[in-house]
Amino acid sequence: MPCKNNDAIDALKLLMSIAVVAMHAEVFIGSYWLLILYPWARMCVPLFFMISAYFFFRKHPDGEGVVGFVGRIVRLYVFWFVVTLPFTLIYRKHIWWQDDGCLNCIGRFIRSIFLGGTFGASWYLTALAIGVVLVSWLSRKFSEKTVWSVCLFGFLACAFTSNYWTLLPHDSPIVANFKMLDSWWPRIHNSFPASLIWVCLGRFVARHENQWCLSRKRIIVAVIGGACLLWAEWIGIYLLTKSCSRDIFLFLPPICIAVFLLVNNFHCRIPYAIEMRRASIVIFLVHLVIIAPLRDLGLQGG
């Protein structure tokens, strides 16, 4: 059984946080690196969800520690919300504050907490908390088939709103319904439905890892195969839509599982692993707060 704290995973989290910054800073745009690295950088946020869920369900197989888990996320959320509040008011105030009454503004702010984001990557914290709560509750009340069905539906809905709706005719009833949903719940793929499948996968690995006898060679083959499938899907969507700014792909789950298993099977001591873990949290949560001013100054992009 892997040790409680895996230094390789802490190193991976730091690398992933840097990759997320690179994506949002658009350093790949206008470079051949866009075609090489961009699709695989989309694994980062799903892997963050998987890692957090894995360690939670490994310690609490039945989800009994969910209250403490959510409490820690709430404290983290409040702390960084206060720290980044000046930037948030400058760059996101227009989302909530409009000339339609104070109650509507408060309602939009509350909705952004649970169904979107307030500061930086705050949506990730909310999505992780809600995802773990929902999966824990569903697993206690319903069958595994129901749990997987709900999580898979959320994943497919997010993949559709992130990528595939643009491939349909503009006058399609599905597109019309999507636009109506998007007007009330913009970017649903940056909300808790996007976390469900990854939380469920993290829970699945935590519960069954001791039953698997997978060699490192097989896992590496799975990583290479998953990378090829994800790259092919990304290239196909890019050629059809002429847009590289897409978040969720259908072939993300296979490669994310393989990458997680590969890294989790490395048992090595890495200097400053704890510092890497802490740095990854700070970088991931607040990088958008820094990128927004740089964009205004014309310093963003490659």
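Note that the structure is predicted; figures quoted are calculated from it, not measured.

Re a nonpolar patch on the surface
Residues Leu-152, Leu-156, Leu-229, Leu-250 and Phe-251 make up a contiguous nonpolar surface patch of about 410 Å² in total accessible area. Counting through the fold element by element, Leu-229 comes out in helix H11 (residues 216-241). Given a relative accessible area of 41%, Leu-229 falls into the partly exposed group.

Concerning the confidence of the model for the protein chain
Of all residues in the protein chain, 88% have pLDDT values of 70 or greater, and the mean over the chain is 84. Mean pLDDT across the secondary structure elements of the protein chain bottoms out at helix H5 (residues 85-96), with 72, and peaks at helix H3 (residues 44-59), with 95.

Some words on the environment of Arg-140
Looking at the secondary structure, you find Arg-140 in helix H7 (residues 122-141). A relative accessible area of 47% means that Arg-140 is categorised as partly exposed. Placed 78 residues apart in sequence, Arg-140 and Asp-62 show a C-alpha to C-alpha distance of 7.5 Å. The contact partners of Arg-140, leaving out residues within four places of it in the chain, are Asp-62 and Gly-63. Side-chain polar atoms of Arg-140 contact the backbone oxygen of Asp-62, separated by 3.3 Å.

Some thoughts on the packing of helix H8 (residues 144-162) against helix H10 (residues 193-208)
Packing of H8 against H10 brings their axes to within 7 Å, and their N-to-C directions diverge by 140 degrees. Judged on the interaxial angle alone, H10 and H8 are oblique. Regarding H8 and H10, the two cross each other, and that crossing is left-handed. Of the residues in H10, those in contact with Glu-144, Val-147, Trp-148, Val-150, Cys-151, Leu-152, Gly-154, Phe-155 and Cys-158 of H8 are Pro-193, Ala-194, Leu-196, Ile-197, Trp-198, Cys-200, Leu-201, Arg-203, Phe-204 and Arg-207. The residue makeup of the contact of H8 with H10, split by class, is 15 nonpolar, 1 polar and 3 charged.

Cut-off values and rules
Residues numbered from 1 in each chain as written. Predicted model: local features only at pLDDT ≥ 70, side-chain atom pairs only at ≥ 80, totals over all residues. Heavy atoms only, no water. Patch = residues over 30% accessible without salt bridge, like charges linked within 9 Å, V, L, I, M, F, W, Y side chains within 5 Å. Areas by Shrake-Rupley, 256 points an atom, 1.4 Å probe, with all protein chains shown as cover. Salt bridge = Lys/Arg side-chain N within 4 Å of Asp/Glu carboxyl O. Helix = DSSP H or I, 4+ residues; strand = E, 2+ residues; numbered from the N terminus. Buried < 20%, exposed > 50% of the residue type's maximum accessible area, 1.4 Å probe, protein only. pLDDT = per-residue confidence, 0-100. Contact = heavy atoms within 4.5 Å. Polar contact = N/O pair within 3.5 Å; in protein donor to acceptor, adjacent residues only side chain to side chain. Axes fitted to C-alpha atoms, helices over the stretch in contact; angles between N-to-C directions. Parallel < 35°, antiparallel > 145°, perpendicular 65-115°, else oblique. Left-handed = near helix turned anticlockwise from the far one by under 90°. Nonpolar A, V, L, I, M, F, W, Y, C, P; charged D, E, K, R; others polar.

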